Structures are given as C-alpha cells and as structure tokens.
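One letter stands for each residue in the lines below.
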Amino acid sequence: MRHTWRWFGPIDKVSVRDAAQAGAEGIVSALHHIATGEVWPEDEIAKRHDEIRAGGLVWDVVESIPVSEDIKTQTGDWKRHIANWQETLRRLSASGIRTVCYNFMPILDWTRTDLRWETGHGAKAMRFDLVDFAAFDIHILKRPEATADYPDWLTEEAAHRFHGMPEAKIMALGKNIGAGLPGSADGYTLEQLLEKLRSYQGINRERLQQNLVDFLSEVAPVAQQVGINICAHGDDPPWPLLGLPRILSTEGDYAHMLDAVDVRANGVTLCTGSLGARPDNDLPFLAKRFAERIHFVHLRNVTRDTDTVPCSFFEDEHLEGGTDMVAVIAALLAEEARRRKEGRDDHQIPMRPDHGQEILDDLTRGAQPGYPAIGRLKGLAELRGIERTLSHAQYGLGG
C-alpha cells in the first residue's frame with residue numbers, strides 16, 4: 001500500500017517534514033480555506049503542491065472536497081455546487097491528483113463527545129459517549145424531537161448525568177459536537193445547529209440516498225474521464241444522530257451506492273474505525289466484499305463499551321480494539337496483487353494511519369485532535385510492520 005499522512009496545511013502543528021520522518025510516502029490534504037461549494041483555484045492547488053514538496057513529500061490524496069448542504073438537500077445552489085465540484089476534479093487531475101475522498105454526512109463530520117479522553121495509561125484519545133451525547137441533544141441543544149429518539153433508560157441516564165454536569169463540561173460538549181469539519185474554520189453555535197437541522201425537515205433516509213446517487217451520477221463520470229478515483233467515507237459514528245439520516249453505515253449502504261452508479265471511479269474509502277463502531281460490520285469481510293472499488297483506506301481501531309447499536313466507544317491503539325487489522329491488511333494486499341496482474345495503474349491503494357492517541361510529547365504539542373505526531377507514527381509503524389510481514393510471507397513482494 002501507499003503510506004500517506006493527513007496534513008491540514010501550514011496551520012498544522014505536525015509538519016510535512018514530521019510526516020516524512022514518521023515514514024509517510026505521501027500527503028493527504030485539502031484546501032480547507034476555500035468556501036464549500038466554490039471551485040478550487042488553480043493557483044491555490046499549485047501552492048499546496050509546492051508546500052508539500054518543500055517538506056520532501058508529494059500530495060497523493062485530496063481529503064476532502066466538501067459536499068455542500070445544498071447538494072445533500074438539493075436546495076439553493078446545489079446544481080452550481082455540483083458543477084463546481086466537477087470543475088475542481090478537472091483542475092486536481094491536471095495537477096496530478098488521482099484520488100479524492102469525500103463524505104455525505106448531513107451537517108456534521110465525525111462526531112465525538114470528548115476529543116481528549118484519558119485512557120488507563122495516560123494517553124489521550126477521542127471518545128463518543130452515548131449518554132453524554134443524549135444529554136447534549138435533550139438538555140443542552142434542546143432539539144424538540146430528541147426525547148423520542150432514545151429509549152427510556154437512556155433518557156433517564158442522560159437526565160441524571162446532565163443535572164450533575166459542571167458548566168465546563170456543558171460548554172465542552174457543545175464545542176466538541178458542533179465543531180464541524182476537522183481542519184476547517186467551520187463550527188456551529190447551538191442556535192446555528194438547530195437552524196441547520198431544520199433545513200433537513202422532510203429529508204428521510206431514502207431521500208438522502210437518492211440525493212447521493214444523483215450527485216454521483218453527475219460527478220463519477222467526470223472523475224472517470226479525468227482519471228480520478230472518488231471514494232466515499234462512511235458515517236462516523238455509523239448510526240443516525242440528531243434525527244438526521246445516515247446512508248453510509250453498513251455493507252448494504254455501500255452496495256446500494258456502488259450498484260446505483262456502477263462506474264469504477266465511484267468507490268469506497270474503507271475506514272475501519274468508522275465502520276468498526278458497529279459490531280455488525282465485519283471489516284475483513286467488507287475489505288473483500290468491496291475490494292475492487294476500494295480506492296483509499298483509513299486504518300484505525302475502536303473499542304466499544306457494548307455490542308449494541310448505537311453504543312459508546314473510544315479510539316484505541318491501532319492494533320487493539322474490535323477490528324482484526326491483520327486480516328484487513330491481508331485482504332487489501334490480496335486485492336493489490338490482483339490489480340497488478342490486471343495491469344491496473346491504480347494497483348497500489350493509498351492508506352493512512354487514521355487518528356491516533358496523544359502520547360509522550362503529543363500531550364504538549366497541541367495538534368489537531370485525533371492527529372498527533374507520535375501517536376500516528378506509532379500506528380503507521382505497526383501497520384507497516386503487518387504489511388511487510390504479510391507481503392514477505394504470503395505474496396513474496398519484498399519491501
């Protein structure tokens with residue numbers, strides 16, 4: 001696999017040079033400062049390439065070209081935004097980019113209640129606490145329909161926890177959950193979040209699925225034409241939140257998307273952490289099931305508090321948690337070998353060590369939550385060790 005590393009641009013406290021020292025071969029980045037829905041300027045694309053090359057690496061993957069709420073709801077400027085998405089693909093292709101990741105999650109990107117939860121050995125990890133989230137939804141955000149979305153036991157536990165919650169915790173929950181996209185300046189106040197939620201009234205799961213298919217029907221042929229693989233990241237966490245539908249949470253969801261727009265450029269970002277938060281998602285099986293259409297891989301692990309859906313979980317070390325990482329990597333290497341035999345020029349699948357626990361000097365660096373230097377270095381080293389061992393033992397691939 002192609003070992004990559006997410007970099008949020010010059011504001012990132014973990015530099016490209018740090019990524020190179022950690023063993024990365026390429027960079028995953030985006031132009032977070034460009035407004036969602038607008039065309040990415042050619043000079044800004046070139047500038048980002050130059051910034052990455054100056055650190056000794058190359059820009060391999062775009063993560064992400066944001067999909068606007070207008071596109072997801074098919075309101076406002078959604079047709080113009082799709083046209084701009086297509087034009088951005090053309091410009092990225094001309095600059096040498098061959099992989100673009102995106103997501104179709106309504107309003108919020110990944111959602112966590114704690115961005116720096118302390119583990120047993122003192123590392124800091126991201127955590128989703130279901131009771132805290134329900135307390136936020138019912139008692140802090142005060143979404144009108146919230147109580148009906150939770151079982152009685154959870155509603156009662158959320159009320160108990162909220163009434164004992166210090167003001168600092170209340171403020172932190174609102175900030176963490178409404179933080180918006182990682183790396184961007186976007187974020188929502190409680191009032192803004194409620195207003196955004198109202199914009200999804202009348203949009204159920206089936207409608208959102210169709211809107212995704214409509215979007216892909218427009219952009220996937222352009223991606224295929226210009227030689228870019230586009231790949232959908234799964235819902236994180238993979239179940240409905242705040243009354244919003246989720247449409248990329250299970251095997252069936254991805255199968256629907258791929259069958260509806262059956263173009264090879266239309267593919268999957270296999271995120272073992274996002275999908276792994278559901279016990280009914282078998283990640284080694286999914287890696288085999290969608291192998292031909294996996295264009296990008298996020299490798300991380302989560303430990304669930306229970307095997308219910310939804311549940312609480314935290315982001316564990318890369319080789320711990322509920323996902324058999326050795327089996328996942330073996331399936332991906334088998335797919336790469338198959339692609340090489342076919343002579344495909346995209347036989348090498350880019351992967352990155354997704355997220356990571358803050359350990360050692362990470363604890364004082366103050367990097368983007370989930371994206372520490374040493375925690376990801378450790379994860380990349382472990383994942384690379386698995387890959388190297390399997391390559392020698394099963395495929396005779398050497399280094």
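Described in the following lines is the structure provided in the data block.

Cut-offs used in this document
Residues numbered from 1 in each chain as written. Predicted model: local features only at pLDDT ≥ 70, side-chain atom pairs only at ≥ 80, totals over all residues. Heavy atoms only, no water. Buried < 20%, exposed > 50% of the residue type's maximum accessible area, 1.4 Å probe, protein only. Helix = DSSP H or I, 4+ residues; strand = E, 2+ residues; numbered from the N terminus. Pairing = 2+ DSSP bridges. Right-handed = clockwise from strand over helix to strand, strands pointing away. Core = buried A, V, L, I, M, F, W, Y, C linked by side-chain atoms within 4.5 Å. Contact = heavy atoms within 4.5 Å. Axes fitted to C-alpha atoms, helices over the stretch in contact; angles between N-to-C directions. Arc of directions from axis to C-beta. Phe/Tyr/Trp six-rings, centres within 6.5 Å; stacked < 30°, edge-to-face > 60°. Lys NZ or Arg CZ within 6 Å of the ring centre and 35° of its normal.

1. Considering the pairing of strand β3 (residues 59-63)
Argument step 1. Taken across its five residues, β3 has five buried, putting it largely inside the fold.
Argument step 2. Relative to β3, strand β2 (residues 26-29) runs parallel, the two being bridged by three bridges. Of the residues in β3, the one forming a bridge with Ile27 is Trp59.
Argument step 3. The handedness of the β2 to β3 crossover, carried by helix α2 (residues 42-54), is right-handed.
Argument step 4. Bridge count for β3 against strand β4 (residues 99-103) is three bridges, and the pairing is parallel. Paired with Val61 across the two strands is Thr99, which belongs to β4.

2. Overview of the nonpolar core
Argument step 1. Core analysis: the biggest nonpolar cluster contains 108 residues, and Phe215 and Ile230 have the highest contact counts within it.
Argument step 2. The biggest single contributor to this core is helix α9 (residues 205-226), with nine residues.
Argument step 3. Each residue touching Phe215, except ones within four places of it in the same chain, is listed here: Val67, Ile71, Ile82, Trp85, Tyr102 and Phe104.

3. Looking at the sheet that holds strand β6 (residues 124-128)
Argument step 1. One open sheet accounts for four strands, arranged β5-β6-β11-β10; its pairing is antiparallel. Where the open sheet ends on each side, the last strands, each with one partner, are β5 (114-118) and β10 (301-304). Taken pair by pair, the neighbouring strands of this sheet meet at an average axis angle of 40 degrees, ignoring direction.
Argument step 2. Pairing analysis gives two bridges linking β6 to strand β11 (residues 313-316), with the strands arranged antiparallel. Bridge pairing in β11 links Arg127 to Phe314.

4. Regarding helix α8 (residues 190-198)
Argument step 1. Within the span of α8, buried status applies to Leu193, Leu194 and Leu197. Buried positions in α8, seen along its axis, are confined to an arc of 100 degrees and lie on one side of it.
Argument step 2. Residues of α8 that are buried sit in contact with α5 (130-140).

5. Describing the packing of aromatic side chains
Argument step 1. Evaluation of the coordinates by the stated rule reveals 12 aromatic pairs.
Argument step 2. With centroids separated by 6.2 Å and ring planes inclined at 75 degrees, the aromatic side chains of Trp239 and Phe313 adopt a geometry described as edge-to-face. In this pair, Trp239 sits in the loop between β7 (229-233) and α10 (251-260) while Phe313 sits in strand β11, placing the two residues 74 residues apart along the sequence. Pair check on accessibility: Trp239 and Phe313 agree, each one buried.
Argument step 3. By the ring-pair criterion, three or more aromatic residues cluster together here, those being Phe128, Phe133, Phe136, Trp239 and Phe313.
Argument step 4. Sitting over the face of the ring of Trp117, Arg127 holds its NZ or CZ atom 5.1 Å from the ring centroid.

6. Quick word on the environment of Thr99
Argument step 1. As for its placement among the helices and strands, Thr99 is situated in strand β4.
Argument step 2. For Thr99, a relative accessible area of 8% gives the class buried.
Argument step 3. Along the sequence, Thr99 and Glu63 sit 36 residues apart, while their C-alpha atoms lie 8.7 Å from each other.

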